[in-house]
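Here is how the chains run, residue by residue.
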Amino acid sequence: MYAVFTASRLMKASEVRKIYEEMRDNPDIIGSLEAKAKEKLEQQFGKKEKAAS
């Protein structure tokens, strides 16, 4: 599984390594963060349905 990590503030390299290591060792964290992000986007933009093809 690949994950993209972005920082919302300026961080030291040691901080980034520590956070990345925690996320790599526990993929459940990534899954829960992804679910929260999707929920927030759906609330903000509304859930779009796929058009019938």
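These notes cover the structure that comes with them. (Residues numbered from 1 in each chain as written. Predicted model: local features only at pLDDT ≥ 70, side-chain atom pairs only at ≥ 80, totals over all residues. Heavy atoms only, no water.)

**Topic: the overall build of the chain**
Here's step 1: Within the chain one finds two helices and zero strands.
Here's step 2: With the model as given, the accessible surface of the chain reaches about 5,500 Å², and the carbon-plus-sulfur share is 54%. (Helix = DSSP H or I, 4+ residues; strand = E, 2+ residues; numbered from the N terminus. Areas by Shrake-Rupley, 256 points an atom, 1.4 Å probe, with all protein chains shown as cover.)

**As for the packing of helix H1 (residues 13-25) against helix H2 (residues 27-45)**
Here's step 1: Interaxial distance between H1 and H2 falls to 4 Å at its minimum, and their mutual angle equals 95°. The angle between the axes of H1 and H2 places the two elements in the roughly perpendicular class. Residue-level contacts link Glu-22, Met-23, Arg-24 and Asp-25 of H1 to Pro-27, Ile-29, Ile-30 and Leu-33 of H2.
Here's step 2: When the residues that make up the contact of H1 with H2 are grouped by side-chain class, the tally is five nonpolar, no polar and three charged. (Axes fitted to C-alpha atoms, helices over the stretch in contact; angles between N-to-C directions. Parallel < 35°, antiparallel > 145°, perpendicular 65-115°, else oblique. Contact = heavy atoms within 4.5 Å. Nonpolar A, V, L, I, M, F, W, Y, C, P; charged D, E, K, R; others polar.)

**Notes on the pattern of salt bridges**
Here's step 1: Under the criterion given, the structure shown has two salt bridges.
Here's step 2: Among the ionic pairs, Asp-25 bridges to Arg-24, the shortest N-O distance being 4.0 Å. For the pair Asp-25 and Arg-24, one class covers both residues: exposed.
Here's step 3: Glu-34 is the partner of Lys-38 in a salt bridge, and the nearest nitrogen-oxygen pair spans 3.4 Å. With Lys-38 and Glu-34 both in helix H2, this residue pair falls four residues apart, about one helical turn.
Here's step 4: Assessed through its relative accessible area of 48%, Lys-38 is described here as partly exposed. (Salt bridge = Lys/Arg side-chain N within 4 Å of Asp/Glu carboxyl O. Buried < 20%, exposed > 50% of the residue type's maximum accessible area, 1.4 Å probe, protein only.)

**Looking at H2**
Here's step 1: With 19 residues, H2 should reach 27 Å at 1.5 Å per residue; the first-to-last C-alpha distance of 27 Å fits that figure.
Here's step 2: Following H2 by one or two positions, Gly-46 adopts a phi angle in the positive range, close to 80°. (Expected span 1.5 Å × (residues − 1).)

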